[in-house]
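Breakdown of the fold
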Amino acid sequence: MTFYQLAIRYLIRKKGKSILLFFVLLFVSSMILSAAIILRAFGDSEQTIQAKTGSKVIVEITDQDHRITKEELRQISSLDDVAFVNRSAHASVLPDGFVPITNSLSDNEDNQKAAVISYDQLEKDSAFSEGQYHLTKGEYIGPDSGAVVNALLADANGLAVGDAIGFITEDGTGVTTKIVGLFRSGNEQKQTSQTDSVHRIENQIFIDNATYAKLFGSHGYDKAAVYTRHPQKLASLRIRLESMLQDKAAVTASDLLYKQLKAPLDQAARVIIVVSLLLCMWMRSRRKEAAIYISMGRSKGGIFLQALIEAFAVLILAAAGACALGSFLAKALQTLFISNARHCFGNGFASQ
């Protein structure tokens, strides 16, 4: 009797084992297929996940008198692993052509000022990306000019998107820029009446770094989000930045989202290991039978081929069932994952 005939007879004779192996392989195959379809939606590669998750190192000053300079940021930007640096600064200004909102009766200078906060890309690394603030009209600041102001401040001063708004520094430097967007927080009414105007949400004005530079020159920056091309090297980038900036800034890594999205890739490898162990256990249970076959003169090659066909036959049946079951599961999971990813990254995440 040939080895493939023996394999078929064994599967029929050991119905319990065969059915158990079938369902285990069906489950494993379905999960692998589902993961493959989901990862395809993410761009078919780990590199795409790396590019989309925005893994970064946050650099934030520890002393207002020692800010991050343009030269230091230029050196950081020139590092091989750095894809983009989102600079941020915060300062107080005197209003030019508008009146800050305040409920405080204080006569101090802070109750007559507004706060300007600059970003290269406001939609990242700010209260907007964290969901605390949201645009109600217009758009985020551009690379060269523009301001996003609180909708309540705009209403109180008769301002709208497209109007000009001006600021004056303590040394008399003045700058005017265009309002490109309005925002709301939802917590404006929760502030105490004793809060000075410079600290109120309504008087926070987001501007681009070019406008900030016109106001404060080489004043430096409070914070920078350093995005990396290679999240797996994030730890080494953090160490390098710590060495560059010494005690001047606190350096922290942020790649939780990358690890969460990378998990299916790691799980797929683990599933393959589980399948291998399962097949090893299948073979170990056949040791006595194999010894009997050898004593009867059967070749080791024939015994191995018999076991291989047994496993392959069950795997084929399981894979066929997984094609239907896995596709069904993947559609539901893909919809859920893509929805969450778009919420984090925007609609362009799965555009590939």
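Relevant structure appears above.
To start, this report covers the structure provided alongside it. Not measured: the values here are computed from a predicted model.

Our focus in this paragraph is the pattern of salt bridges. Applying the stated criterion across every chain, the model contains 10 salt bridges. Two residues, K113 and E170, come together in a salt bridge whose shortest N-O distance is 2.5 Å. Residue K113 is found in the loop between strand 2 (82-96) and strand 3 (114-119), and its partner E170 is found in the loop between strand 6 (164-168) and strand 7 (174-184); the two are separated by 57 residues along the sequence. As a salt-bridge pair, E188 and R184 come within 3.5 Å of each other at their nearest N and O atoms. Overall, E188 belongs to the buried group, its relative accessible area being 2%. Assessed through its relative accessible area of 30%, R184 is described here as partly exposed. Residues joined by salt bridges that share partners form a network here, namely E109, K113 and E170.

With that out of the way, let us pick up the pairing of strand 6. In this sheet, strand 6 lies alongside strand 2 in antiparallel orientation, the contact comprising 3 bridges. Bridging from a neighbouring strand, L94 pairs with I168 of strand 6. Relative to strand 7, strand 6 is paired through 5 bridges, and the arrangement is antiparallel. Following the sheet pairing, I165 is matched in strand 7 by T177. From the end of strand 6 to the start of strand 7, which pair antiparallel, there are 5 residues, and G172 there has a positive phi angle of about 95°.

This paragraph deals with the environment of L135. Note on placement: L135 falls in strand 4 (residues 134-138). Given a relative accessible area of 24%, L135 falls into the partly exposed group. Spatially, the C-alpha atoms of L135 and G181 are 6.9 Å apart, while their sequence positions differ by 46 residues. Not counting chain neighbours up to four residues away, the residues in contact with L135 comprise F128, Y140, V148, L182 and F183.

All right, on to the packing of helix 4 (residues 70-77) against helix 7 (residues 234-245) then. Contact geometry for helix 4 and helix 7: axes closest at 12 Å, N-to-C directions at 155°. For the element pair helix 4 / helix 7, the angle class is roughly antiparallel. Our pair here, helix 4 against helix 7, has a crossing hand that is right-handed. Residues E72, Q75 and I76 of helix 4 lie in contact with helix 7, whose contacting residues are L241, M244 and L245.

The subject of this paragraph is the packing of aromatic side chains. If you walk through the whole model with that rule in mind, you get 11 aromatic pairs. Considering the side-chain rings of F128 and Y140, the 5.6 Å spacing of their centres and the 90° angle between planes classify their relative orientation as edge-to-face. Taken together, the residues F128 in the loop between strand 3 and strand 4 and Y140 in the loop between strand 4 and strand 5 (147-150) connect sequence positions 12 residues apart. Take Y140: its relative accessible area is 29%, and that puts it in the partly exposed class. Between Y133 and F206 the ring centres are 6.0 Å apart and the planes differ by 70°, which places this aromatic pair in the edge-to-face class.

Before going further, it helps to examine the nonpolar core. By size, the foremost hydrophobic cluster in this structure holds 40 residues, and its most contacted members are V59, I165, F167, I205, V226 and L241. Residues contacting V226, with those up to four places away along its chain left out, are S55, K56, V57, V59, I76, V82, F84, V85, L237 and L241. In terms of nonpolar packing, the next biggest core, distinct from the first, is built from 12 residues, Y119, A127, V148 and I201 among them.

A few words on the side chain of E188. In this structure, E188 sits in the loop between strand 7 and strand 8 (204-208). At 3.0 Å, the side chain of E188 and the side chain of N150 are in polar contact. In terms of polar contacts, E188 uses its side chain to reach the backbone amide nitrogen of G186, at 2.8 Å. Residue contacts for E188: discarding those within four places in its chain leaves N150, L152, R200, I201 and E202.

Rules behind the numbers
- Residues numbered from 1 in each chain as written.
- Predicted model: local features only at pLDDT ≥ 70, side-chain atom pairs only at ≥ 80, totals over all residues.
- Heavy atoms only, no water.
- Salt bridge = Lys/Arg side-chain N within 4 Å of Asp/Glu carboxyl O.
- Helix = DSSP H or I, 4+ residues; strand = E, 2+ residues; numbered from the N terminus.
- Buried < 20%, exposed > 50% of the residue type's maximum accessible area, 1.4 Å probe, protein only.
- Pairing = 2+ DSSP bridges.
- Contact = heavy atoms within 4.5 Å.
- Axes fitted to C-alpha atoms, helices over the stretch in contact; angles between N-to-C directions.
- Parallel < 35°, antiparallel > 145°, perpendicular 65-115°, else oblique.
- Left-handed = near helix turned anticlockwise from the far one by under 90°.
- Phe/Tyr/Trp six-rings, centres within 6.5 Å; stacked < 30°, edge-to-face > 60°.
- Core = buried A, V, L, I, M, F, W, Y, C linked by side-chain atoms within 4.5 Å.
- Polar contact = N/O pair within 3.5 Å; in protein donor to acceptor, adjacent residues only side chain to side chain.

Any functional reading would require information beyond the geometric quantities listed.
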